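# Close look at the chain arrangement
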Amino acid sequence: MKLKQLESMLGDVSQFAKPKIDLEQYPTGPHIASRMVYMAENSFGDISGKVVADFGCGCGTLGIAAALLEASYVVGVDIDYQALEMAQTNMEELEVEMELVLDNIQDLSWRGPVVDTVIMNPPFGTRRKGADMEFLSAALKHVQRGALRDLKAKTAEVLCELRYDLPASYKFHKKREVDIAVDLWRFTI
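Residues numbered from 1 in each chain as written. Predicted model: local features only at pLDDT ≥ 70, side-chain atom pairs only at ≥ 80, totals over all residues. Heavy atoms only, no water.

### Notes on the overall build of the protein chain
Convention followed: The helix and strand labels rest on DSSP assignments: H or I over at least four residues marks a helix, E over at least two residues marks a strand, and numbering proceeds from the N terminus. The classification of residues rests on relative accessible area computed with a 1.4 Å probe and restricted to protein chains. Under 20% of the type maximum is buried, over 50% is exposed, and intermediate values are partly exposed.
The number of helices and strands found in the protein chain is five helices and six strands. Across the 189 residues of the protein chain, 44% fall into the buried class.

Here it is as structure tokens:
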């Protein structure tokens, strides 16, 4: 699948109508989501034929992108039941399959297939300090489960800087949209 086709398909993914600030729910738009997952697949072979987990999946955008790029199995994990309902609707609309799990990333009890790749747009950690690191820690624990004991990655590299177009989602947002520079990281274990 070509990048523009993936971005176009992800444009049909519905986003949060009423995001929850305590969970730092922000939409992962089709532009940034398509580039993240497309790069993971086309530069590293991390998606097609792999077991992919989307931690903090929200509306399911990243997991759906992985399914569209032919991951063998995709699981989306979120603590918010309403977000998972929206992800389910989005999956049905785009006719893709993904297991959805209601669970807390800090104490993930899901026990499915061994995960090859974790993709995520974690909370920034602005509402609850350290939330971003909790997601990273969970990802490192669950990729190739059992192979990692000290939670240290072999490599950590910034692949590129992306622009995250953050629309005004909450009452305290003063601007209609803010363009934020974010780094796309890849960790290997």
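Still to come is the rest of the account.
### Some words on the sheet that holds strand E4 (residues 117-119)
Pairing between the strands of a sheet comes from backbone hydrogen bonds, and it takes one of two forms, parallel or antiparallel. Basically, it comes down to this: The pairing criterion is simple: DSSP has to find at least two bridges between the two strands. Angular values range over 0 to 180 degrees, each being the angle between N-to-C directions of two axes fitted as lines to C-alpha atoms, with helices fitted over their stretch in contact.
The sheet built from four strands is open, its strands ordered E3-E2-E1-E4 with parallel pairing. Each edge of the sheet is formed by a strand with only one pairing partner; in this case those strands are strand E3 (99-102) and E4. Across the sheet, the mean angle separating the axes of adjacent strands is 25° when strand polarity is ignored. Relative to E3, strand E2 (residues 73-78) runs parallel, the two sharing four bridges. Across the sheet, Val75 pairs through a bridge with Glu99, a residue of E3.

### Topic: the UniProt feature "coiled-coil region" (unreviewed entry) in the protein chain
Defined as follows: UniProt positions are given in the numbering used here, feature names are shortened, and annotations may be inferred rather than shown by experiment.
Mapped onto the present numbering, the UniProt feature "coiled-coil region" (unreviewed entry) falls at residues 84-111. With 39% helix and 14% strand, the stretch residues 84-111 has end C-alpha atoms that lie 18 Å from each other.

### Considering the pattern of salt bridges
Worth spelling out the cut-off: Basic side-chain nitrogens of Lys or Arg form a salt bridge, by our definition, when they fall within 4 Å of a carboxyl oxygen of Asp or Glu.
Enumeration over the complete set of coordinates arrives at two salt bridges. Residues Lys4 and Glu7 are paired through a salt bridge, measuring 3.9 Å at the closest nitrogen-oxygen approach. Residue Lys4 and its partner Glu7 are located together in helix H1 (residues 3-10), separated by three residues, close to a single helical turn. What makes Lys4 exposed here is its relative accessible area of 58%. Between Glu7 and Arg35 there is a salt bridge, with the nearest N and O atoms lying 2.8 Å from each other. On the criterion of sequence distance, the pair formed by Glu7 in helix H1 and Arg35 in helix H2 (residues 30-44) is long-range, its members being 28 residues apart. The buried category is assigned to Glu7, whose relative accessible area is 17%. Through salt bridges that share partners, Lys4, Glu7 and Arg35 make up one connected network.

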